[in-house]
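Working through the structure, step by step
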Amino acid sequence: MFSQQLGRSARHVAQRGMTAATLRCQCRAWAPLLEAAGQQRQMQRRAYSATGEAAGQAAAATTTASAGNNNSSGGGVFRRAASMALVGLAFSAIGAAAAWKTLTAHGLGFYSDEESLHKFSPADADEEARHAEATINAHPLVAALRLRSELTESRPHMKMPAQYRAHSLTGGALMGPRKVPVPAFTWTEAGGKSLVSVVYVGEDLCGHPGIVHGGMLATMLDEGLAWCCFGALPHGIGVTANLNINYRKPTPAGSFLVLRAETTKVEGRKAWVKGHVELLAEPGEKPTILTEADALYISPKYASMMPKIQ
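Residues numbered from 1 in each chain as written. Predicted model: local features only at pLDDT ≥ 70, side-chain atom pairs only at ≥ 80, totals over all residues. Heavy atoms only, no water.

The name an unreviewed UniProt entry assigns to the chain is Thioesterase domain-containing protein, from the organism Tolypocladium paradoxum.

The following block contains the structure:
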């Protein structure tokens, strides 16, 4: 009995030994295969990594291209908007020109120098205005000015349409009986070089009794010096940047006055002008200078859109 058990134990041990040996042989046989499998897995991981990196780069490139397309699209939208704006401005300019032509045809536009000379009728005015008009037209100075071919005669306030003149200080509020009963006559030299203007100032524009208000004289000088240099400025118009006035003598009310101006310097959109107001003198008499001034005028950047009154 014991011997049988011992035999079975021996056989079991032997079988276990054989199994262990078999397992060792199998492990040695499988080792190269396992190593190869490991290497294959590492290669696969590297491939996956490379693929992921390539995909990331492709995605980034796609995003950049998309952004570029968006920018291009944005630029296209901006160009289209700019084109539409230019077209709109062109049509607006055409419309404005057509409207202005229509207004002029109906007597609502600004008039030429020649037309302005016929817009005031002394026959429709009072005795004061008729006397002032006749005195100016008969004066030797006016006759001499009309003989100078380099000068252009006009009545600047009468270049304005009536609707515009009604809202003008010098062309409306200051005009009328006992103020400025007749529009000023003006002679300008081509290129904005010089100007001479003759006007009558009545009794109702005084500061002190019988003395023309200094503000009235300042207004005359500001406007007259501006008219002088308009021909030298872009678009024929400018605004006052600086005005300096020296009052030399009192100006009696009810007087005929002469305004003389000369453009002394021009730089681009800037013009410097000097001038004075004197009493209308008879031939052989020395004119009495009442007020002197110098000024700077600048043609604004929006001057092309402003109406020209000179």
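Resuming the write-up.
Notes on helix H3 (residues 127-138)
Taking 1.5 Å of rise per residue, 12 residues should cover 16 Å, and H3 covers 16 Å from first to last C-alpha, within 8% of that figure. In this structure, the buried residues of H3 make contact with helix H4 (140-146), strand E2 (185-189), strand E3 (194-201) and strand E5 (255-267). A distance of 3.3 Å separates the backbone nitrogen of Glu-128 from a side-chain oxygen at the start of H3, and that oxygen is part of Asp-126. (Helix = DSSP H or I, 4+ residues; strand = E, 2+ residues; numbered from the N terminus. Expected span 1.5 Å × (residues − 1). Contact = heavy atoms within 4.5 Å. Polar contact = N/O pair within 3.5 Å; in protein donor to acceptor, adjacent residues only side chain to side chain.)

A word on the environment of Trp-272
Within the secondary structure, Trp-272 sits in strand E6 (residues 270-279). Judged by relative accessible area, which is 26%, Trp-272 ranks as partly exposed. In sequence terms Trp-272 and Leu-296 are 24 residues apart; their C-alpha atoms lie 4.6 Å from each other. Ignoring any residue separated from it by four or fewer positions in sequence, one finds Trp-272 in contact with Glu-262, Thr-263, Thr-264, Lys-265, Glu-267, Ala-295 and Leu-296. (Buried < 20%, exposed > 50% of the residue type's maximum accessible area, 1.4 Å probe, protein only.)

Topic: the side chain of Thr-263
In this fold, Thr-263 is placed in strand E5. Exposure remark for Thr-263: the relative accessible area of 14% places this residue in the buried category. Of note is the side chain of Thr-263, whose polar atom sits 2.5 Å from the backbone oxygen of Gly-192. Setting aside residues up to four positions removed in sequence, Thr-263 forms contacts with Gly-192, Lys-193, Cys-228, Cys-229, Trp-272 and Val-273.

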